[in-house]
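Chains, contacts and geometry: an overview
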Amino acid sequence: MPKQCWVIGGEYRDLEFRDVDDGTSRVFGPFTSYTDARATWHERSQASRSTAAVRYTIVSSAGDR
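Since we're looking at a predicted model, the values are computed, not measured.

Spatial strand order, 2-1-3: 3 strands in an open sheet with antiparallel pairing. Since the sheet does not close on itself, it has two edges, and those belong to strand 2 (26–31) and strand 3 (54–60), each with one partner. Mean inter-strand twist for the sheet, computed between neighbouring axes without regard to direction, equals 15°. The sheet contact formed by strand 1 (residues 5–11) and strand 3 spans 7 bridges and is antiparallel. By the bridge assignment, G9 is partnered in strand 3 with Y56.

Conventions used here
- Residues numbered from 1 in each chain as written.
- Predicted model: local features only at pLDDT ≥ 70, side-chain atom pairs only at ≥ 80, totals over all residues.
- Heavy atoms only, no water.
- Pairing = 2+ DSSP bridges.
- Helix = DSSP H or I, 4+ residues; strand = E, 2+ residues; numbered from the N terminus.
- Axes fitted to C-alpha atoms, helices over the stretch in contact; angles between N-to-C directions.

Here is the structure:
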């Protein structure tokens, strides 16, 4: 099975980044390359940079890049 990547995140309840606020979680993908996922991660991160409690990350089905 080809590797798949997703960009996941949302607005967290506090700056410990443990619990996402209800209704704010977002999932983008799947992407077939890390490069495509990273482009979306960068776009979402830049769009929310003024909100300190928003965070996105890239996850992969293969566990690597």
